[in-house]
Amino acid sequence: MSRIRPVKPEFFESEDMAKVSKSAMLTLIGLSCSADDHGRFPANSKILYGKIWVIRDDTSPAETEEDLDQLEAVGAVCRYTGCDGRRYVHQPNWFKDQRIDKPSLSRLPACPHHAPERCGVCKGPCTDRATGGTEPKAPASPQRAPEQPVHVPADAEVCAAAEDAALLREELADSPGPTPDPSSADAPAQMAFAEDSAKVPEGAANPSTPGSRILDPGSTTPSGRGAPDVTVSARQLIGEYVSRFPKKRQPPEDVRGHLGRIVKKLLGEGIDPRFIRAGLTAFAEDPGHPTRLPSLVNEAMNPGVRRPGAWAPSGVGGHRAWTNPADVEAAYGGAL
C-alpha cells in the first residue's frame, strides 16, 4: 500500500544523487512511497517496477534492478537477506529523511547490517543476526515441562490409612487426659466454658419482653401511609369513580385502565383509601391526564402545604387563610 512521503529540498542538492541517473532518483522516491513505516520493502525489481512504472512502456524491471544497484552503490539503499531467507531492501537514513507520526510495526525482517531494530518475523530483536540471516529460521515449537509421575495409592493403602485413623480416634476418646489451663499458652483454641451459656433454650421462659428494641420510636402522627388495606381494591375504587358519571358520559376504557393501574400502585404503597377517594373526587371535578391522580392524592394527604386555591376534600380537613373578618364566629364557626 503506497503512502504519502515528503521529499526534502536537500534531496535534489545531494552529491550522492548527482552520481546516479534520473531514473534512479525517481526509483528512490517511488521506493519511499511504497516502503512501510520503517523503510523496508521486498527487494524484487518486478514488484517495485509494478509500483512505480506500472503505466510506462519506456522502462523495464531490468532497468529498475540497475537503479537499485546505483542507489546501493552510493549508500542510499541497502539490500539484505532476512531471517526468513528472502531478500529485502531498506533505506539506512530513513528516520532522518522521513518523519512518521505513530509508525506501525513492520512485518518484514530487520536489516542485520545496521543498528538492531524490531524484526517483524521474530516479533522483537532478530535472533538470527549473527548469521546475517542467510538461512531460513524454522518456527520454534513451544516446549512443555516434563510431566511428573503421579502416585496413585492402591486400594489396600487407602483401607490401611482409614483403619489407622479410626484406631487413633478411639484411643483419643478413651484417654481424656488432664484438663488444660485456659491461661496456659498450650491451651487449645476451642474449649468448654465453665459458666452456663446466656442463650435461653427454646421453650423456656424468656425474662425479656417482646416488642421493639428502639428506645425512641419517633413521632406517632399519622401520615396517611400504613399497611395495604386488603378490604378495598383498585377495581372497587375505580367503580366508585365511574359511577359518578352518567352512562353515556363515562370515561373511556383507556382512562379507566390507566387510573386503575395508578390506584393499585397507591394502595400497594399503603396509602389510606380515604385519600385515594378524595383524589378521585378531585379528578372527577377537574378531569385531565390520569398521571395527575398522585398529585391530587398528595394534596388530600397534606392539605396544609397545598397550593393557594387548591381543592380541599370534605372530611379530610385543611388550612383556611385568615381574612380578619368582623364576626369571627360567623365566618369560621368552630373551625378555629
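Please refer to the structure higher up on the page.
Conventions adopted
Residues numbered from 1 in each chain as written. Predicted model: local features only at pLDDT ≥ 70, side-chain atom pairs only at ≥ 80, totals over all residues. Heavy atoms only, no water. Salt bridge = Lys/Arg side-chain N within 4 Å of Asp/Glu carboxyl O. Helix = DSSP H or I, 4+ residues; strand = E, 2+ residues; numbered from the N terminus. Buried < 20%, exposed > 50% of the residue type's maximum accessible area, 1.4 Å probe, protein only. Axes fitted to C-alpha atoms, helices over the stretch in contact; angles between N-to-C directions. Parallel < 35°, antiparallel > 145°, perpendicular 65-115°, else oblique. Contact = heavy atoms within 4.5 Å. Nonpolar A, V, L, I, M, F, W, Y, C, P; charged D, E, K, R; others polar. Pairing = 2+ DSSP bridges. Left-handed = near helix turned anticlockwise from the far one by under 90°. Phe/Tyr/Trp six-rings, centres within 6.5 Å; stacked < 30°, edge-to-face > 60°. Lys NZ or Arg CZ within 6 Å of the ring centre and 35° of its normal. Polar contact = N/O pair within 3.5 Å; in protein donor to acceptor, adjacent residues only side chain to side chain.

Novice: Looking at this structure, how should I read the pattern of salt bridges?
Specialist: Side chains that carry opposite charge are capable of pairing whenever their charged atoms lie near each other. Across all of its chains, the model carries seven salt bridges by this definition. A salt bridge links Arg79 to Asp69; the shortest N-O distance between them is 2.3 Å. One end of the pair, Arg79, is in strand S2 (residues 78-81); the other, Asp69, is in helix H4 (residues 61-73), and ten residues separate them in sequence. Taking relative accessible area as the criterion, Arg79 reaches 12% and is therefore assigned buried. Residue Asp69 is classed as partly exposed on the basis of its relative accessible area, which comes to 38%. Close ionic contact of Asp286 with Arg292 constitutes a salt bridge, the shortest N to O distance being 3.7 Å. Each of Glu65, Asp69, Glu72 and Arg79 takes part in one network of salt bridges that share partners.

Novice: Please explain the packing of helix H2 (residues 22-34) against H4 as it appears in this structure.
Specialist: If you want to describe how two helices pack, look at the angle between their axes and the distance between the axes. At a closest axis distance of 9 Å, the pairing of H2 and H4 adopts a crossing angle of 85 degrees. Taken together, the axes of H2 and H4 lie roughly perpendicular to each other. Contacts between H2 and H4 involve Ser23, Ala24, Thr27 and Leu28 from the former and Thr64, Asp67, Gln70 and Leu71 from the latter. Counted by class, the contact of H2 with H4 contains three nonpolar, four polar and one charged residues.

Novice: Which parts of the structure should I look at to understand the pairing of strand S3 (residues 87-90)?
Specialist: Sheet faces and side chains relate simply in a regular strand, where the side chains alternate between the two faces. Here three bridges tie strand S1 (residues 40-42) to S3, and the two strands are oriented antiparallel to one another. Its bridge partner being in S3, Phe41 is matched across the sheet by Val89. When S2 meets S3, the two strands line up antiparallel, connected through four bridges. In the sheet register, Cys78 faces S3, and the bridge partner there is His90.

Novice: How should the environment of Ser34 be read in this particular structure?
Specialist: As for its position among the elements, Ser34 is in helix H2. Exposure remark for Ser34: the relative accessible area of 8% places this residue in the buried category. Expressed as a C-alpha distance, the spacing of Ser34 and Ser2, which sit 32 residues apart in the sequence, is 4.6 Å.

Novice: Would you mind going over the packing of helix H7 (residues 234-242) against helix H9 (residues 273-285) with me for this structure?
Specialist: At their nearest, the axes of H7 and H9 sit 10 Å apart, and the two run at 30 degrees to each other. Pair H7 / H9 crosses with right-handed handedness. Between H7 and H9, the contacting residues are Gln236, Leu237, Glu240 and Tyr241 on the first element and Ile276, Arg277, Leu280, Phe283 and Ala284 on the second. A per-class count over the contact of H7 with H9 returns six nonpolar, one polar and two charged.

Novice: Can you walk me through the packing of aromatic side chains in this structure?
Specialist: Two aromatic rings, taken as a pair, are described by how far apart their centres are and by the angle between their planes. In total, this model carries four aromatic pairs according to the counting rule given. A ring pair is formed by Tyr241 and Phe245, whose centres lie 5.3 Å apart and whose planes are at 75 degrees; its orientation type is edge-to-face. Each member of the pair Tyr241 and Phe245 is classed as buried. Members of the aromatic cluster, each reached through a chain of ring pairs, are Tyr241, Phe245 and Phe283. The lysine or arginine in question, Arg274, covers the ring of Phe275, its NZ or CZ lying 4.7 Å from the ring centre.

Novice: Before we go on, may I ask you to explain the side chain of Ser32 in this structure?
Specialist: Within the secondary structure, Ser32 is located in helix H2. Owing to a relative accessible area of 9%, Ser32 belongs among the buried residues under this scheme. Separated by 2.9 Å, the side chains of Ser32 and Gln91 make a polar contact. If we ignore the near neighbours within four places in the chain, the residues touching Ser32 are Arg5, Gln91, Trp94 and Gln98.

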